[in-house]
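Tertiary structure, described
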Amino acid sequence: MAEEWIVACDETSVAKDDVVRFDHLGATYAVVRMSDGVCNVMDGLCTHGKAHLAEGFVDGATIECPKHNGRFNVLTGEATATPARVATRVYQTRINNSKIEFLKVN
Amino acid sequence: MRDYTVGGPSALTAAQNGLVDADCYKPKIDRELMKQLMARTNGLAAVHIASWFIALGLFGWLAHISWGTWWAVPSFAIYGVLYGSMSDSRWHETGHRTAFRSKRMNDAIYYIASFMIFREPETWRWSHARHHSDTIIVGRDAEIAFKRNVPIYKYVLELFGITAVPNEFKQWIQNASGKITDNQKDFQPPETFRISIWSSRIYISILALTVLTSVLIRSLQPLMFIGLPSFYGHWLVVTLGITQHAGLAEDVTDHRLNTRTVYMSPLTRWIYWNMNYHVEHHIYPSVPFHSLKKLHLAIKDQLPTPYPSLYRALREVIPTMRRQASDSDFFIKRNIPQSVN
């Protein structure tokens with residue numbers, strides 16, 4: 001298995017309690033910054049319906065899908081409110097030279 | 001004749017036409033503003049819920065002390081609307097979990113309001129998710145309340161839940177005995193069936209206790225407070241709800257074409273929790289009731305002109321439904337602003 005750190009965006013491009021979309025090699029991700037400033041990258045599409053989490057609402061460590069209000073824990077990916085039931089993937093994330101990077105295992 | 005059966009032949013057609021869980025139109029709006037509009041608070045919803053319960057208590061008390069006199073009629077009329085109509089908007093908003101910031105507070109009110117509006121909470125949670133995925137897509141949307149090919153007198157009966165409440169009760173009985181309907185199986189995950197089974201058992205138990213109390217004290221009064229308001233107080237939510245989608249396009253993926261926004265008075269908006277801004281709600285269901293007017297002001301230039309009043313909306317809807325009873329191809333086409341086509 002090959003591991004690769006992928007640069008998602010500048011650290012300053014995601015405000016606190018917000019999320020931005022990042023597309024890479026046909027995949028889409030949600031780059032989330034929680035209220036404490038910690039960033040995490042997760043899969044971009046909701047596991048329930050066809051909606052991008054980057055249009056959703058971030059409250060603490062929770063992100064809410066904009067289409068059906070399903071919720072996920074940003075730190076673990078766990079689905080915390082229906083209609084989301086299946087956990088989403090959360091990637092190991094770091095700040096490196098003011099860039100938000102996440103570890104992708106191929 | 002259109003076949004509205006959920007999961008029926010129309011569902012296959014919808015899938016073939018790319019209408020299932022399709023991408024829908026979204027207006028342009030500043031992300032910073034959207035973040036503000038999506039923000040949740042417990043306090044405001046708590047004040048609204050408290051005012052609702054106080055009104056229920058007040059008119060319930062007036063109805064009780066005036067029992068046996070003509071004064072009971074207006075008291076129960078208002079109590080009934082507070083119970084059998086106002087519960088709809090509380091059910092709806094807490095179902096989305098946007099009323100309160102707290103998930104538990106949303107869920108607690110959701111279960112109470114579900115009983116009052118006579119809807120099994122788990123099934124309706126999933127049917128409503130489907131309604132947002134596939135809004136007015138025939139064969140997919142389980143909440144197309146006003147169908148074509150239906151004589152309008154049947155909808156007049158629905159003002160008092162004549163068909164809807166008994167049909168729902170039939171499902172509760174089936175669920176309580178462990179049976180799940182085909183409709184439920186189409187949109188509800190199997191692991192949630194047990195919630196429907198137990199919710200139905202609890203709701204039926206409450207109703208049975210109320211009937212028993214009425215029999216024991218030889219008075220209809222307990223049932224006039226619990227159970228019957230779901231019938232006699234239901235008319236207002238039908239009157240308001242009919243403006244949401246009825247008579248508009250089916251099988252389209254643009255909420256501007258299948259949904260209405262109607263301006264309503266502050267009192268009606270308190271009862272309805274701003275669901276008159278229904279186009280806005282469907283496009284952005286993460287925006288709580290108290291921010292829908294602000295959302296409307298931010299994007300209204302990209303939406304069809306709102307209806308100026310409930311009366312004006314009904315004046316379009318009712319003749320349209322009468323015509324659709326015999327002409328199922330007829331519908332109202334909403335005009336989208338040219339600048340955002």
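A short tour of the structure in this document, coming up.

About the criteria used
- Residues numbered from 1 in each chain as written.
- Chains lettered and ligands numbered in written order.
- Predicted model: local features only at pLDDT ≥ 70, side-chain atom pairs only at ≥ 80, totals over all residues.
- Heavy atoms only, no water.
- Contact = heavy atoms within 4.5 Å.
- Buried area = accessible area lost by both parts, 1.4 Å probe.
- Salt bridge = Lys/Arg side-chain N within 4 Å of Asp/Glu carboxyl O.
- Polar contact = N/O pair within 3.5 Å; in protein donor to acceptor, adjacent residues only side chain to side chain.
- Phe/Tyr/Trp six-rings, centres within 6.5 Å; stacked < 30°, edge-to-face > 60°.
- Helix = DSSP H or I, 4+ residues; strand = E, 2+ residues; numbered from the N terminus.
- Buried < 20%, exposed > 50% of the residue type's maximum accessible area, 1.4 Å probe, protein only.
- 1 Å grid on protein atoms, 1.4 Å probe; cavity = no way out; pocket = protein on both sides within 12 Å on 5 of 7 lines; lining within 4 Å.
- Points joined across faces, edges and corners; volume = space filled by probe spheres on them.
- Nonpolar A, V, L, I, M, F, W, Y, C, P; charged D, E, K, R; others polar.
- Pairing = 2+ DSSP bridges.

Here we come to the interface of chain B and chain A. Listed per partner, the contact involves 23 residues of chain B and 25 residues of chain A. Summed over both partners, the interface of chain B with chain A buries about 2000 Å², with 40% contributed by carbon and sulfur atoms. For chain B, the biggest contributors to the area lost against chain A are Asp21(B), Arg31(B) and Trp126(B); these three give 24% of the whole. On the surface where chain B and chain A come into contact, there are eight salt bridges. Salt-bridge contacts for Arg40(B) lead to Glu64(A); the nearest nitrogen and oxygen are separated by 2.7 Å. Taken together, chain B and chain A are joined by 17 residue pairs in polar contact (both at pLDDT 80 or more).

All chains considered together, the criterion is met by 22 aromatic pairs over all chains. With 5.6 Å between their ring centres and 75° between their planes, Tyr29(A) and Tyr91(A) make a pair best called edge-to-face. Linking Tyr29(A) in strand β3 (residues 27-33) with Tyr91(A) in strand β9 (residues 90-91), this pair joins segments that are 62 residues apart in sequence. Both rings, one in Tyr79(B) and one in Tyr83(B), keep their centres 6.0 Å apart while their planes meet at 40°; by these two values the pair is tilted. Residue Tyr79(B) and its partner Tyr83(B) are located together in helix α4 (residues 72-84), separated by four residues, close to a single helical turn. On the basis of relative accessibility, which here comes to 9%, the residue Tyr79(B) falls in the buried class. Tyr83(B) sits in the buried class, given a relative accessible area of 4%. A network of ring pairs unites the aromatic residues Trp67(B), Phe76(B), Tyr79(B), Tyr83(B), Phe225(B) and Tyr232(B) as a single cluster.

What follows deals with the layout of surface pockets. Taken as a whole, the second largest pocket encloses approximately 320 Å³ of empty space. Looking at the second largest pocket, it is lined by 18 residues, and the ones nearest its centre are Lys50(A), Lys67(A), Asp23(B), Cys24(B) and Lys26(B). Along the lines of polarity and charge, the residues of the lining of the second largest pocket split into eight nonpolar, four polar and six charged.

Turning next to empty space enclosed by the protein. All names here are of chain B. Within this structure, the stated rule accounts for three cavities of 30 Å³ or more. If you add up the space inside the largest cavity, you get close to 150 Å³. Lining the largest cavity are 15 residues, and of these Gly-95, His-96, Arg-125, His-128 and Ala-129 sit closest to its centre. For the lining of the largest cavity, the elements supplying multiple residues, two or more each, are α5 (86-96) and α7 (121-133). No other element matches α7, which puts five residues into the lining of the largest cavity. Considered class by class, the residues forming the lining of the largest cavity number five nonpolar, eight polar and two charged.

Bringing the side chain of His131(B) into the picture now. As for its placement among the helices and strands, His131(B) is situated in helix α7. Among the residues examined, His131(B) registers a relative accessible area of 3% and is labelled buried.

Another point: the pairing of strand β4 (residues 39-43) of chain A. In regular strands, side chains alternate between the two faces of the sheet. Residues and elements named next belong to chain A. Taking burial as the measure, the five residues of β4 include four buried ones, the bulk of the element. Sheet topology places β3 next to β4; five bridges connect them, and they run antiparallel. Of the residues in β4, the one forming a bridge with Arg-33 is Cys-39. Connecting β3 to the next strand, β4, in antiparallel fashion are five residues, including Gly-37 with a positive phi near 95°.

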